[in-house]
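An overview of the molecular structure
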Amino acid sequence: MATDRPILLVEDNPDDEALTLRAFSKNKIANQVVVARDGVEALDYLFCSGQYSNRDSLIMPAFVLLDLKLPRIDGLEVLRRIRADERTALLPVVVLTTSKEHQDIFEAYRLGANSYIRKPVDFERFLQAVGQLGLYWLSLNEPSDPGSR
């Protein structure tokens, strides 16, 4: 697995954050995980502003795991802004959320989400889902920027 690029986890729930980090660890996903706890922090990270103004803008995440129900700026707006900017337009974004709302699913795909996954309630299923995400996005998927592997 390519471990040179971080994973951006956009998650405001500390329990879901801890479960996701634990699932990455159990699945031997060694990439650094950057956690943004709201939509503003996620956009600051991606666009090197605010507290991330000194971040190397050439190092983009391998993929973004994006919750939808976020404070300050919601996940759909974050996705909209990611797709609107040429620097991040092709960045893989996986929506990982508890929302089963048909409108959320439709809107996420309309805005360019690469995948929409509902968080399983059962930890073993969650562990498996995160492991498969890591395998796919870090090993199997061919990135749009060949130099990013």
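Please refer to the structure higher up on the page.
Residues numbered from 1 in each chain as written. Predicted model: local features only at pLDDT ≥ 70, side-chain atom pairs only at ≥ 80, totals over all residues. Heavy atoms only, no water.

Comments concerning the packing of helix H3 (residues 75-84) against helix H4 (residues 102-110)
Relative to each other, H3 and H4 sit at 15°, their axes nearing to 10 Å. The angle between H3 and H4 places the two elements in the roughly parallel class. The handedness of the crossing between H3 and H4 is left-handed. Across the interface between the two elements, Leu76, Leu79 and Arg80 of H3 pack against Asp104, Glu107, Ala108 and Arg110 of H4. Here the contact of H3 with H4 is composed, by residue class, of three nonpolar, no polar and four charged. (Axes fitted to C-alpha atoms, helices over the stretch in contact; angles between N-to-C directions. Helix = DSSP H or I, 4+ residues; strand = E, 2+ residues; numbered from the N terminus. Parallel < 35°, antiparallel > 145°, perpendicular 65-115°, else oblique. Left-handed = near helix turned anticlockwise from the far one by under 90°. Contact = heavy atoms within 4.5 Å. Nonpolar A, V, L, I, M, F, W, Y, C, P; charged D, E, K, R; others polar.)

Structural notes on the packing of aromatic side chains
Given two aromatic rings, their pairing is described by the distance between the two centres and the angle made by the two planes. Evaluated as defined, the whole model comprises two aromatic pairs. With a centroid separation of 5.1 Å and 85° between ring planes, the pair formed by Tyr45 and Tyr52 is classed as edge-to-face. Of the residues examined, Tyr45 reaches a relative accessible area of 6% and is grouped as buried. Judged by centre distance (6.5 Å) and plane angle (45°), the ring pair of Tyr109 and Tyr116 falls under tilted. The ring of Tyr45 carries the charged tip of Arg55 above its face, separated from the ring centre by 4.1 Å. (Phe/Tyr/Trp six-rings, centres within 6.5 Å; stacked < 30°, edge-to-face > 60°. Buried < 20%, exposed > 50% of the residue type's maximum accessible area, 1.4 Å probe, protein only. Lys NZ or Arg CZ within 6 Å of the ring centre and 35° of its normal.)

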